[in-house]
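Inside the fold
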Amino acid sequence: MFRKRNGLLLIVLGACAILSAGVLFWFNEKEQRSAAQTSNQALLKMQSMQDNPAADDWKQLNNDKPTEIEIDGEWYIGQLSIPALDLELPVISQWNYERLEKAPCRYSGSVLNRDLVIMAHNYRAHFGRLGELPLDTKIYFRDVQGNQTQYRLAVLDILTPEDVKEVTSEQYDLTLFTCTYGGKNRVVARCVLEETESKVRCDS
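Read on for an overview of the structure. What you are looking at is a predicted structure, and each value in this text was computed from that prediction instead of being measured. (Residues numbered from 1 in each chain as written. Predicted model: local features only at pLDDT ≥ 70, side-chain atom pairs only at ≥ 80, totals over all residues. Heavy atoms only, no water.)

Attention now moves to the overall build of the protein. If you tally the helices and strands in the protein, you get 2 helices and 10 strands. In sequence order, the secondary structure elements of the protein are arranged as α-β-β-β-β-α-β-β-β-β-β-β. Split into buried and exposed, the 204 residues of the protein put 40% on the buried side. When the accessible surface of the protein is totalled, it reaches about 12,200 Å², and 53% of it is carbon and sulfur. (Helix = DSSP H or I, 4+ residues; strand = E, 2+ residues; numbered from the N terminus. Buried < 20%, exposed > 50% of the residue type's maximum accessible area, 1.4 Å probe, protein only. Areas by Shrake-Rupley, 256 points an atom, 1.4 Å probe, with all protein chains shown as cover.)

Here the focus is the environment of Val188. Positionally, Val188 belongs in strand β10 (residues 186-197). Residues Val188 and Phe177 lie 11 residues apart in sequence; the distance between their C-alpha atoms is 4.4 Å. Dropping the residues within four chain positions of it, Val188 is found in contact with Val155, Leu156, Asp157, Leu159, Val167, Thr175, Leu176 and Phe177. (Contact = heavy atoms within 4.5 Å.)

Let us now look at the pattern of salt bridges. For side chains bearing opposite charge, pairing can occur when the charged atoms are close. Enumeration according to the criterion identifies 9 salt bridges in this entry. Notably, a salt bridge pairs Asp136 with Arg152, separated by 3.0 Å at the nearest N-O pair. With Asp136 in the loop between β6 (116-119) and β7 (138-143) and Arg152 in strand β8 (residues 148-159), this pair connects stretches of sequence that are 16 residues apart. (Salt bridge = Lys/Arg side-chain N within 4 Å of Asp/Glu carboxyl O.)

Okay, structure coming up:
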């Protein structure tokens, strides 16, 4: 009788584990689809608004050139392109956990100061494949005015959460990072500047 009860208990526990895994997988897939849809919509709107700017949609720095654009209540600084992963992603100006569920976010720095750091979830549609990139991969960032900066992947790191301060190393011009699956460590892509193509934006 004791063995039968133990066997039944193990079966129930196994079924619960399988059910939990299934629910978790379904939830993760739902999050990933939502993130991909939100970022794609923001990217399309950004590209459209860059061609047809409205004064209320732009944020200026020192009343000079526009540095951010508002889309659906969020401010974006531009778009990140990683052709090797077939990724085109908008980048939100400031990060928090809610915004990370929509699109990659600026963690710190800027293109101008050559210390831009961008973070994102490990969704497949965001930075989930960051660790697959080979060295010397070309990565591009285009700001809201259309100025494009080209980078080259120089170093791929794995850091612990305790080493997060090292993410903002001033040695690199662009840093991208995300969590590994399970969240134990951080995948960090260090990039160096190659060239910048400026585009003059003319307002009517």
